[in-house]
Amino acid sequence: MMKERLQEIREKALSQISSTDSLEKLNEIRVSFLGKKGELTEVLKGMKDVAVQDRPMVGQIVNETRQAIEEMLENTKKELSSKLRELQLKAEVIDVTLPAKKNNVGHSHPNTLALEEIKKIFIGMGYEVVEGPEVEYDYYNFEALNIPANHPAKDEQDTFYINDKIVLRTQTSSVQVREMERGKLPMRMISPGRVYRADEVDATHSPCFHQVEGLVIDENITFADLKGTLVEFAKEIFGPDTKVKFRPHHFPFTEPSAEMDVSCFKCGGKGCRMCKGEGWIEILGCGMVHPHVLEMSGIDTEKYTGFAFGVGLERIALLKYEIDDMRLLYENDTRFLKQF
Ligand code: DAH
């Protein structure tokens, strides 16, 4: 009886194991035969009913049965595991010939590129780069630059007022005053930054644009220093054949004042679309710092003189990269930006 029952269990277990296709089912089979309430365990509990002289023989068959089932469980488990692993590897295979995911990297803005170049030129001449606030006191933006309350130049640079005393700066010239007040002489600095004016947007105007200010103060600084410096700057930015022209102009904070034109780098001065047929392109304002401006910031005008200049950054970028509409600079369309 017992022997047949064991044989039956053994065959049943082996046939179930051999038709299994998952590790979970395999475990269920283990429990159903070898677990606490498993079929083989139940049989063992019936040993007490077996005649004493038969017990060793039946015990041996029980052990063999258990061993056979365990062995098969173990082998099948190994087989299944490696089969599953193989399937998994096949499913997770990477197709290295697929096109890569595009990682869109940004691109330097023409303003940034132009500013980097301007900085490089002036740093090369020993200038320091400093910055000042965009939200500025009227005093630094106008008053201390010789533009008192009712000066017409204030009208020309109509701006955004925060209150009576505070404005969005209209020019980076305000940083000149801040640097002069710091009083570290002699000084050679440029100051790039954003400026604001109540201008309507068109191809050449924006209510927010950028300037680069320059200021040099030392003993014996003359207009010749100004000229030498700015000629060098023009040649570095627009090419060694560039010629410059200084036209007398008026700025309240410089005396004498001038605007500097460069010969058109596109046509060499003959006249073309780029220079609107004139052969010359205006690029900056400059002059010798007005003694009154120096005095207001506490600089001894008997000992020191200086020159200053202000360049429109967009103007340089538009010219250098031959962009014909300033608005393109503010749209931040990467298809546009990528070209430079
Ligand atoms: N701040 C002037 C402007 O916005 C530009 C300028 C002219 C700056 C002459 C200067 C200068 O430092 O000396 O039009």
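In this text the structure is predicted, and so the values were computed from the model without any measurement. Residues take numbers from 1 onward in each chain, read along the sequence in its written order. The predicted origin of the model limits local features to residues at a pLDDT of at least 70 and limits the giving and counting of side-chain atom pairs to 80 or more, whereas totals for whole chains, interfaces and linings rest on all residues. Processing note: side-chain calculations cover all non-hydrogen atoms of the structure and skip hydrogens and water entirely.

Novice: Looking at this structure, how should I read the overall build of the protein chain?
Specialist: Check the secondary structure of the protein chain and you find 13 helices and nine strands. Throughout, radius of gyration means the C-alpha value; the globule benchmark is 2.2 Å times the number of residues raised to the power 0.38. On C-alpha atoms alone, the protein chain measures out to a radius of gyration of 44 Å, which is more than a quarter above the 20 Å that the 2.2 N^0.38 rule sets for 340 residues. Counting only C-alpha atoms, the protein chain reaches 130 × 45 × 35 Å along its principal axes. Every one of the 340 residues in the protein chain was classed for burial, and the buried ones make up 40%. Looking at the protein chain alone, contacts between residues at least 24 apart form 67% of all its contacts between residues at least 6 apart. A run of DSSP states H or I qualifies as a helix once it reaches four residues; a run of E qualifies as a strand once it reaches two. Both are numbered from the N-terminal end. Note on exposure labels: buried denotes an accessible area under 20% of the residue type's maximum, exposed denotes more than 50%, and partly exposed covers the range between, all computed with a 1.4 Å probe on protein chains only. Residues are treated as being in contact if the distance between any of their heavy atoms lies within 4.5 Å.

Novice: Is there a simple way to explain the pairing of strand β8 (residues 280-289) in this structure?
Specialist: Every regular strand shows the same layout, with side chains that alternate between the two sheet faces. Among the ten residues in β8, eight count as buried, and that is most of the element. Across eight bridges, the pairing between strand β7 (residues 254-263) and β8 is antiparallel. Each bridged residue has a counterpart across the sheet, and for E259 the counterpart in β8 is G285. A strand pair is defined by DSSP finding two or more bridges across the two strands.

Novice: Got a minute to help me understand the layout of surface pockets in this structure?
Specialist: A water-sized probe rolled over the atoms picks out the places where empty space is left. Here a cavity is any set of points on a 1 Å grid over the protein atoms alone where a 1.4 Å probe fits but cannot get out, and a pocket is any open set with protein on both sides within 12 Å along at least 5 of 7 lines; a residue lines the site when it has an atom within 4 Å of a point. Grid points are joined across faces, edges and corners, and a volume is the space filled by probe spheres set on the points. A volume near 210 Å³ is recorded for the second largest pocket. Around the second largest pocket, the lining comprises 14 residues; the ones closest to its centre are L115, E131, P192, G193 and R194. Among the secondary structure elements, those contributing two or more residues to the lining of the second largest pocket are α5 (110-124) and β4 (187-196).

Novice: Mind showing me how you'd approach the pattern of salt bridges here?
Specialist: Any two side chains of opposite charge can pair if their charged atoms end up close together. Salt bridges are defined by distance alone: a side-chain nitrogen of Lys or Arg within 4 Å of a carboxyl oxygen of Asp or Glu. Across all of its chains, the model carries 17 salt bridges by this definition. D21 serves as the salt-bridge partner of K25, at 3.3 Å between the closest nitrogen and oxygen. By relative accessible area, K25 is classed as partly exposed at 43%. The closest approach of N and O atoms between D333 and R335, which form a salt bridge, is 2.7 Å. A single network of salt bridges, built from pairs that share partners, joins R5, E8, K12 and E39.

Novice: When you look at the packing of α5 against helix α11 (residues 313-320) in this model, what are you seeing that I'm missing?
Specialist: Two numbers describe a pair of packed helices, the interaxial angle and the distance between the axes. Fitted lines through C-alpha atoms serve as axes, helices being fitted only where they are in contact, and the angles separating the N-to-C directions of these axes extend from 0 to 180 degrees. One can describe the packing of α5 onto α11 by two numbers: an axis separation of 9 Å at closest approach and a directional angle of 100 degrees. The orientation of α5 relative to α11 falls into the category roughly perpendicular. Here P110, N111, A114, L115, E117 and I118 of α5 lie close against α11, whose contacting residues are L313, E314, I316, A317 and K320. Here the contact of α5 with α11 is built from residues that sort into seven nonpolar, one polar and three charged. Should an angle lie under 35 degrees it is considered roughly parallel, over 145 roughly antiparallel, and from 65 to 115 roughly perpendicular; all remaining angles are considered oblique. Under the scheme applied, nonpolar residues are Ala, Val, Leu, Ile, Met, Phe, Trp, Tyr, Cys and Pro; charged residues are Asp, Glu, Lys and Arg; polar residues are all the others, including Gly.

Novice: Any chance you could explain the nonpolar core here in plain terms?
Specialist: Grouped burial of nonpolar side chains is what soluble globular proteins tend to show. Within this scheme, the nonpolar core is defined by two criteria: the residues are buried Ala, Val, Leu, Ile, Met, Phe, Trp, Tyr or Cys, and they are joined through side-chain atoms within 4.5 Å. Among the nonpolar cores identified, the biggest contains 34 residues, and I118, F233, I283, L284, F307, F309 and I316 are the most heavily contacted of them. At the level of elements, α5, β5 (208-218), α9 (223-238), β7, β8, β9 (305-312) and α11 are the ones that each hand at least two residues to this core. Examining the composition of this core, we find that six residues originate from one element, α9, more than from any other. In contact with I283, not counting residues within four places along its chain, are F233, F238, M260, D261, V262, V311, G312, R315, I316 and L319. Core analysis: the second largest hydrophobic core is formed by 21 residues, A144, L145, L215 and A308 among them.

Novice: I tried to follow the domain arrangement of the protein chain on my own but got confused; where do I start?
Specialist: Interface size, as often reported, equals the accessible area lost upon joining of the parts. Where each domain begins and ends is defined by an automated method or by a domain database. Assigned domains of the protein chain: these are domain 1 (2-91) and domain 2 (110-337). With centres defined by C-alpha atoms, the gap from domain 1 to domain 2 works out at 91 Å.

Novice: I'm lost on the site of the ligand in this one. Help?
Specialist: We call a residue near a molecule or strand when any one of its heavy atoms sits within 4 Å of it. Neighbouring the ligand are 16 residues; Q171, Q176, R197, Q211 and E213 lie closest to it. Pairing of N or O atoms within 3.5 Å defines a polar contact, subject to two protein rules: one partner must be a possible hydrogen donor and the other a possible acceptor, and residues neighboring in sequence count only if both atoms are side-chain atoms. A distance of 2.7 Å separates a nitrogen atom of the ligand from a polar atom in the side chain of Q171. Within the side chain of S173, an N or O atom sits 3.0 Å from a nitrogen atom of the ligand. Protein contacts shield 91% of the accessible area of the ligand, which totals 360 Å² for the unbound molecule. Within the residue set of the shell around the ligand, elements represented by two or more residues are α8 (173-182), β5, β8 and β9. Note on areas: Shrake-Rupley, 1.4 Å probe, and residue coverage restricted to the protein chains presented here.

Novice: Explain the packing of aromatic side chains to me, please; I cannot follow it from the model alone.
Specialist: The relative placement of two aromatic rings is captured by the distance of their centres and the angle of their planes. Stacked, tilted and edge-to-face are the three classes assigned to paired rings of Phe, Tyr and Trp, where Trp is represented by its six-membered ring and a pair needs centres within 6.5 Å; plane angles under 30 degrees give stacked, over 60 edge-to-face, the rest tilted. This structure, assessed with the given rule, holds eleven aromatic pairs. Where Y137 meets Y140, the ring centres are 6.5 Å apart and the plane angle is 50 degrees; that geometry is what we call tilted. Its relative accessible area of 45% is what places Y137 among the partly exposed residues. Positioned over the ring face of Y140 is R178, at 4.2 Å from the centre of the ring. Here, over-ring charges are defined by two tests on the NZ atom of lysine or the CZ atom of arginine: distance to the ring centre within 6 Å, and angle to the ring normal within 35 degrees.

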